[in-house]
Amino acid sequence: MSQRSELGKRLMDQILSPMLGRNIQAYIEDMVVTSVKADQHVADMEKLFTTIARYNLKLNPDKCVFGVPTGKCLGFLLTKRGIEANTDKCATIMEIRSLTNVKEVQRVEQDALMSPN
């Protein structure tokens, strides 16, 4: 994670701390408001917008989506049951062949060390 991303994450964590994990999920500058009931959702959105305005933050209208009962966000599925793993991504991981010997483990380890990331 870049220093800018890390700074953005810490900033959003501080600003949204009263709501994080309760009715707001955030990753760097992406936010998802989750509410159990529709009438509570309006109040949760008002609180988020008040908080955003207090800190003079701006939203990008091209990235805003409202009133979505289910959908994909940041690789996860948002449903009425909550935030769930994306089965497409899980299936890909489950299809990866397990390493079977020491040489394969060493090769993967060496590739990881040589990777610029």
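Summary of the structure given here. (Residues numbered from 1 in each chain as written. Predicted model: local features only at pLDDT ≥ 70, side-chain atom pairs only at ≥ 80, totals over all residues. Heavy atoms only, no water.)

Assignment of secondary structure puts Met12 in helix α1 (residues 3–15). Given the relative accessible area of 9%, Met12 is considered buried. Spatially, the C-alpha atom of Met12 lies 15 Å from that of Arg22, the residues being ten residues apart in sequence. (Helix = DSSP H or I, 4+ residues; strand = E, 2+ residues; numbered from the N terminus. Buried < 20%, exposed > 50% of the residue type's maximum accessible area, 1.4 Å probe, protein only.)

A few words now on the pattern of salt bridges. Evaluated as defined, the whole model comprises two salt bridges. Here Asp13 and Lys9 are joined by a salt bridge, their closest N and O atoms 2.9 Å apart. Of this pair, Asp13 and Lys9 both sit in helix α1, separated by four residues, roughly a single helical turn. A residue is classified by how much of its surface remains accessible, and Asp13, at 27% relative accessible area, is partly exposed. Salt-bridge contacts for Glu104 lead to Arg97; the nearest nitrogen and oxygen are separated by 3.0 Å. (Salt bridge = Lys/Arg side-chain N within 4 Å of Asp/Glu carboxyl O.)

Listed in full, the nine residues of the largest apolar core are Met12, Ile15, Leu16, Met19, Ile24, Val33, Met45, Leu48 and Ile52. If you list the elements that add at least two residues to this core, you get α1 and α2 (38–54). A per-element tally of this core places α2 first, with three residues. Those residues within four positions of Met45 in sequence are excluded, and the remaining contacts are Val33 and Phe66. (Core = buried A, V, L, I, M, F, W, Y, C linked by side-chain atoms within 4.5 Å. Contact = heavy atoms within 4.5 Å.)

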